[in-house]
Amino acid sequence: MTETATPTSTVDYQRPGPRGTHVPMPGLPPGPRTPAWLQSMGAIYRQRPLVVRTKERFGDLYTVRLAGMGNFVSVGHPDLVREVLR
């Protein structure tokens, strides 16, 4: 049997994740696939619906992409916040 290696990239910030999600960078939690500019519009004009909908789908820890600003990880539970700040 011949095995072929699949190329990997350490800079692949758009690789698809499970069930219609994107994993923006290795090690970051998944988040919405929506284009960054559209996520930015939601963050500016409809913040609460964006947060509620994203939290329902991805749980207390998810990544959003904002145009011109990069990736942001949202931590939505006090126990997770304590863990992150340790």
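Let us look at the structure shown here. (Residues numbered from 1 in each chain as written. Predicted model: local features only at pLDDT ≥ 70, side-chain atom pairs only at ≥ 80, totals over all residues. Heavy atoms only, no water.)

Before going further, it helps to examine the layout of surface pockets. Empty space among the atoms becomes visible once a probe the size of a water molecule is rolled across them. The computed volume of the largest pocket comes to approximately 190 Å³. Every residue along the wall of the largest pocket is listed here: Pro32, Thr34, Leu38, Gln39, Gly42, Arg46, Pro49, Leu50, Arg53, Thr54, Arg57 and Phe58. It is helix 2 (residues 47-58) that provides the largest number of residues to the lining of the largest pocket, a total of six residues. Across the lining of the largest pocket, the residue classes tally to five nonpolar, four polar and three charged. (1 Å grid on protein atoms, 1.4 Å probe; cavity = no way out; pocket = protein on both sides within 12 Å on 5 of 7 lines; lining within 4 Å. Points joined across faces, edges and corners; volume = space filled by probe spheres on them. Helix = DSSP H or I, 4+ residues; strand = E, 2+ residues; numbered from the N terminus. Nonpolar A, V, L, I, M, F, W, Y, C, P; charged D, E, K, R; others polar.)

Here we take up the pairing of strand 5 (residues 70-75). Both strand 4 (residues 61-66) and strand 5 contribute to a ladder of six bridges, which runs antiparallel. Pairing of Tyr62 across the sheet is with Ser74, part of strand 5. The turn linking strand 4 back onto strand 5 is made up of three residues, and Gly68 within it adopts a positive phi angle of 75°. (Pairing = 2+ DSSP bridges.)

Attention now moves to the pattern of salt bridges. Counted by the stated rule, this structure contains three salt bridges. Here Asp79 ties to Arg82 by a salt bridge, and the two come within 2.8 Å at their closest N and O atoms. Here Asp79 and its partner Arg82 are both found in helix 3 (residues 78-85), three residues apart, which amounts to about one turn of the helix. (Salt bridge = Lys/Arg side-chain N within 4 Å of Asp/Glu carboxyl O.)

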